[in-house]
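So you can see what is in the structure, the chains are spelled out below.
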Amino acid sequence: MSFRKEKKFKLSKSDYLNIKFNFLSKGMKEIFPSRIVNSCYFDSHNMRMFNESCEGILPRKKIRLRWYNSSRKINKEIKISSSEGRFKQISYYPFSTFKSIYQSKMFDNDYGIIKPILLIRYKREYFSFQGIRLTLDSDIRYKSLKNSLNRIIKEMFYVMELKASSTISDDYLLNLFNYSDSGFSKFARGIELTKI
């Protein structure tokens, strides 16, 4: 099991453009073509995963199905946060149609029966800078799967996420990028904005 350090930063449009311009000029490299990320989040009937995330309870999980662009290859991802750090378990998840994703149920040993509650879609760009993996997310959109309104909410912010070895200090990361860690969670923000 490999633990990693993740830092998330909520950005304005001007912050996003400045990061791209400034860090590309300082040697930041694109490491993967940009793509559309689709994440379907699951939770229990009493929203236990959401509540534990908001309260910072450890250990905790987030469970989602994820696919890229319009691919039919879907992965189940379990993100685990513990006192030792964070890690992710990924497995292939077969589905015949996307509609069936939104009507599916799963059983989790810790949370019981869980159902899809939120769809998040955004554009992600992938970079590397001084050994740190950096992603920039834009055009973030949320859709509740728990109510029948089918309303899509567009996020006004952009998100930068740093992923690094757990041996790299927080001070080093924050000095290198000079932004305040906002701990921005698309999962929590989407639930807040769509009023699930």
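Here is a short report on the structure shown in this document. Counting of residues starts from 1 at the beginning of each chain's written sequence and follows it residue by residue. Given that the model is predicted, a residue must reach a pLDDT of at least 70 before its local features are reported, and side-chain atom pairs must reach 80 or more before they are shown or counted; all residues, however, enter totals for whole chains, interfaces and linings. Water and hydrogen atoms were dropped before computing side-chain values, which therefore reflect all heavy atoms in the structure.

1. What to know about the overall build of the chain
Moving on, step 1. To qualify as a helix, a DSSP run of H or I must reach at least 4 residues; to qualify as a strand, a run of E must reach at least 2; elements of each kind are numbered from the N terminus. Looking only at helices and strands, one finds 5 helices and 10 strands in the chain.
Moving on, step 2. The C-alpha atoms of the chain give a radius of gyration of 17 Å, which matches the 16 Å a tight globule of 196 residues would have.
Moving on, step 3. The principal-axis extent of the C-alpha atoms belonging to the chain is close to 45 × 35 × 30 Å.
Moving on, step 4. A total of 196 residues make up the chain; the buried ones form 47% of that total.
Moving on, step 5. For this analysis, residues touch if any pair of their heavy atoms sits within 4.5 Å. In the chain, the proportion of contacts linking residues at least 24 apart, taken out of those at least 6 apart, comes to 66%.
Moving on, step 6. Surface exposure of the chain reaches about 10500 Å², of which carbon and sulfur atoms provide 50%.
Moving on, step 7. His residues and chain termini do not enter the charge count, which takes Lys and Arg as positive and Asp and Glu as negative. Working definition for charges: the position is that of NZ of Lys, CZ of Arg, CG of Asp or CD of Glu. For the chain, the centre of its 38 positive side-chain charges and the centre of its 19 negative side-chain charges are spaced 7 Å apart. The globule rule used here is 2.2 Å times the number of residues to the 0.38 power, and the radius of gyration it is set against is calculated over C-alpha atoms. Burial classes follow relative accessibility: with a 1.4 Å probe on protein chains only, a residue under 20% of its type's maximum area counts as buried, one over 50% as exposed, and anything between as partly exposed. Note on areas: Shrake-Rupley, 1.4 Å probe, and residue coverage restricted to the protein chains presented here.

2. Comments concerning unusual backbone geometry
Excluding glycine, residues mostly carry a negative phi; peptide bonds, for their part, are mostly trans.
Moving on, step 1. With an omega dihedral of -10 degrees, the bond running from leucine 58 to proline 59 counts as a cis peptide bond.
Moving on, step 2. Its place among the elements puts proline 59 in the loop between helix 2 (48-55) and strand 3 (60-68).
Moving on, step 3. With a phi close to 60 degrees, methionine 47 is a non-glycine residue in the positive phi region.
Moving on, step 4. Residue methionine 47 is classed as buried on the basis of its relative accessible area of 10%.
Moving on, step 5. The phi torsion at aspartate 139 lies on the positive side, around 50 degrees, for a residue other than glycine.
Moving on, step 6. Turning to its location among the elements, aspartate 139 is positioned in strand 8 (residues 132-144).

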